Amino acid sequence: MEQQRSIRAAVFCAAMLIAGPLLAAEYDATLEWARRVELGTLVSGVVQQVDARPGDRVDKGAILLRLDSRGFAAELQRARAEVSRTQKERAEALNEKQRAEELYDRTLLSQHDLELANLLAAQAENAYSEAQAGLTTATLELEYSVMRAPFDALVLERRAERGQTVVASMTSPTLFVLVEAESMNARISLSPEIIDTVKSGAAATVRVGGREYPAKVLYVGLEPDATEQALRYPVLVEFQTAGTLLRAGMPATVELQ
């Protein structure tokens, strides 16, 4: 077996010397989304506003959807009031603790009363910390009630409508499916002899519909492509679309350099 591999490698190298690098040839490819995400909310509520439709191009940070925020705003107000209340109680408890320590040092207070003052101060400190945590949670929940695009994207699917009730349990329901707007991948399959010569990050050229796009090798497969009958390995080539609207599944060609 090892001898057969050596012979095959020698024949391959000889072919490259005679005919030039095999990588100079073009390979049939299929376009894929470079990034595809399914978005849901981490909080439950009623959809109040939907600002994007399938096919829309949205900028990073653009609002896609809003839940009714009144309940979240009320909870945030309550959490702020709780922080203010516990902060005052904490300050009073710390003052009492300091006063108790001074009286104890002057032998005017018992050990039991000193320990009680320390306990009350610790409880006030814990209550204040819990109130701060509640404020953080309320702030985040109000933020999560607004869904924003995580990157410049195209809206692939919308599964939300105004008035719809969203229940975020163990699995957040998908409300939008987005794909990256400016980047795509071209997928090719190469034989074992060629795959060993391909390096991640190598330059490439993608051709789609008569246009050329500079590209680079993003991923060189380690397992065979299950969609191919012969033993072939997938290679993903990443490129920028330069504002051109391309679709997943479109045929293309890739030239590896």
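The preceding data block contains the structure.
Throughout what follows, the structure given in this document is the object of discussion. These figures come from a predicted structure and were not determined experimentally. (Residues numbered from 1 in each chain as written. Predicted model: local features only at pLDDT ≥ 70, side-chain atom pairs only at ≥ 80, totals over all residues. Heavy atoms only, no water.)

Looking at the pairing of strand S13 (residues 233–240)
So, step 1. With 6 of 8 residues buried, S13 is to be regarded as a mostly interior element.
So, step 2. In the sheet, strand S10 (residues 183–190) pairs with S13 via 8 bridges, with the strands oriented antiparallel. Bridge pairing in S13 places Ser 183 opposite Gln 240. (Buried < 20%, exposed > 50% of the residue type's maximum accessible area, 1.4 Å probe, protein only. Helix = DSSP H or I, 4+ residues; strand = E, 2+ residues; numbered from the N terminus. Pairing = 2+ DSSP bridges.)

A closer look at the environment of Val 47
So, step 1. With respect to the element layout, Val 47 can be found in strand S3 (residues 45–50).
So, step 2. Considering only alpha carbons, one finds Val 47 and Asp 68, 21 residues apart in sequence, at a separation of 6.2 Å.
So, step 3. When neighbours within four sequence positions are excluded, Val 47 is seen to be in contact with Leu 65, Arg 66, Leu 67, Glu 161, Arg 162, Gly 163, Gln 164 and Val 166. (Contact = heavy atoms within 4.5 Å.)

Examining the packing of aromatic side chains
So, step 1. For the coordinates displayed, the defined rule picks out 1 aromatic pair.
So, step 2. Ring geometry for Tyr 213 and Phe 239: centres 5.3 Å apart, planes at 40°, overall tilted. One end of the pair, Tyr 213, is in strand S12 (residues 211–220); the other, Phe 239, is in strand S13, and 26 residues separate them in sequence. The exposure classification of Tyr 213 matches that of Phe 239, with both residues buried.
So, step 3. For Arg 35, the ring lying beneath its charged end belongs to Phe 151, and the centroid distance is 3.9 Å. (Phe/Tyr/Trp six-rings, centres within 6.5 Å; stacked < 30°, edge-to-face > 60°. Lys NZ or Arg CZ within 6 Å of the ring centre and 35° of its normal.)

Thoughts on the nonpolar core
So, step 1. Membership of the largest hydrophobic core comes to 25 residues, with the highest contact counts inside it found for Leu 190, Val 206, Val 237, Phe 239, Val 254 and Leu 256.
So, step 2. If you list the elements that add at least two residues to this core, you get strand S1 (26–33), S10, helix H4 (192–195), strand S11 (203–208), S12, S13 and strand S14 (251–256). (Core = buried A, V, L, I, M, F, W, Y, C linked by side-chain atoms within 4.5 Å.)

Quick notes on the packing of helix H2 (residues 70–105) against helix H3 (residues 111–144)
So, step 1. Contact geometry of H2 with H3 gives a least axis separation of 7 Å together with a crossing angle of 160°. Viewed along their axes, H2 and H3 adopt a mutual orientation that is roughly antiparallel. Once H2 is placed against H3, the crossing between them reads as left-handed.
So, step 2. Within the contact of H2 with H3, the residues separate by chemical class into 20 nonpolar, 7 polar and 10 charged. (Axes fitted to C-alpha atoms, helices over the stretch in contact; angles between N-to-C directions. Parallel < 35°, antiparallel > 145°, perpendicular 65-115°, else oblique. Left-handed = near helix turned anticlockwise from the far one by under 90°. Nonpolar A, V, L, I, M, F, W, Y, C, P; charged D, E, K, R; others polar.)

Quick notes on the side chain of Ser 183
So, step 1. Within the secondary structure, Ser 183 sits in strand S10.
So, step 2. Separated by 2.8 Å, the side chains of Ser 183 and Gln 240 make a polar contact.
So, step 3. With residues near it in sequence (within four places) discarded, Ser 183 still touches Ala 34, Phe 239, Gln 240 and Thr 241. (Polar contact = N/O pair within 3.5 Å; in protein donor to acceptor, adjacent residues only side chain to side chain.)

Section: the sheet that holds strand S8 (residues 165–166)
Two strands in a sheet stick together by hydrogen bonds in their backbones, pointing the same way (parallel) or opposite ways (antiparallel).
So, step 1. A sheet is described by the order of its strands in space; here 4 strands give the open sequence S6-S5-S3-S8, paired in antiparallel fashion. Unpaired on one side and paired on the other, strand S6 (146–148) and S8 mark the two borders of the sheet.
So, step 2. With 3 bridges connecting them, S3 and strand S5 (residues 63–67) associate as antiparallel partners. The partner of Gln 49 across the bridge, within S5, is Arg 66.

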